[in-house]
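Residues per chain, in single letters:
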Amino acid sequence: MRGDLRAAIKEGRPDEAKLIRTLVAAIDNAEAPPLQPGHRAADHHSFRDGSAEVDRLSLSAAQVRAILLADIAERERAAAEMDRHQRPDRAGALRAEARLAKRYIME
């Protein structure tokens, strides 16, 4: 996916690059470990002492697939909503994004 992102940027496909960035960010967010008890998201760290370094979660292929399927489903729901609001241009763009995202679904 990251290789496709670089290619989309290099080849001047900004809409595709934006979609891939969104998908990568969703996966990256899912890999973030939960906060430890007694810690807050706003806690400050000293980068010299390693307190900001935490191991990322390792997602299975099924978990990545579920993240992508949820994103695709959301785009398809939004496209249906745009159809109801008589915005076929936006609905078409959302469906095109969903089709692009489907390339990354692992069977």
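In short, a report on the structure. What you are looking at is a predicted structure, and each value in this text was computed from that prediction instead of being measured.

### A few points about the nonpolar core
Part 1 of the reasoning: Core analysis: the largest hydrophobic core is formed by 16 residues, its most contacted members being Ile20, Leu23, Ile27, Leu68, Ile72, Ala101 and Tyr104.
Part 2 of the reasoning: Within the residue set of this core, elements represented by two or more residues are helix H1 (2–10), helix H2 (14–30), helix H3 (61–84) and helix H4 (88–101).
Part 3 of the reasoning: When residues of this core are assigned to their parent elements, the largest contribution, six residues, is made by H2.

### Describing unusual backbone geometry
Part 1 of the reasoning: Non-glycine residue Gln86 carries a positive phi angle of around 55°.
Part 2 of the reasoning: Considering the arrangement of structural elements, one finds Gln86 in the loop between H3 and H4.
Part 3 of the reasoning: By relative accessible area, which is 69% here, Gln86 ends up exposed.

### Some points on the pattern of salt bridges
Part 1 of the reasoning: Applying the stated criterion to the full structure yields 11 salt bridges.
Part 2 of the reasoning: Across the pair Arg103 and Glu16 runs a salt bridge whose closest N-O atoms are separated by 2.9 Å. Here Arg103 is found in the segment after H4, whereas its partner Glu16 is found in helix H2, with 87 residues between them in sequence.
Part 3 of the reasoning: Ionic pairing is found between Arg75 and Asp71, a salt bridge with its closest N-O pair at 2.6 Å. Note that Arg75 and Asp71 are positioned in helix H3 at a spacing of four residues, about one turn of the helix.
Part 4 of the reasoning: What makes Arg75 buried here is its relative accessible area of 14%.
Part 5 of the reasoning: Owing to a relative accessible area of 15%, Asp71 belongs among the buried residues under this scheme.
Part 6 of the reasoning: One network of salt bridges, in which partners are shared, links Glu11, Arg13, Glu16 and Arg103.

Calculation rules
Residues numbered from 1 in each chain as written. Predicted model: local features only at pLDDT ≥ 70, side-chain atom pairs only at ≥ 80, totals over all residues. Heavy atoms only, no water. Core = buried A, V, L, I, M, F, W, Y, C linked by side-chain atoms within 4.5 Å. Buried < 20%, exposed > 50% of the residue type's maximum accessible area, 1.4 Å probe, protein only. Helix = DSSP H or I, 4+ residues; strand = E, 2+ residues; numbered from the N terminus. Salt bridge = Lys/Arg side-chain N within 4 Å of Asp/Glu carboxyl O.

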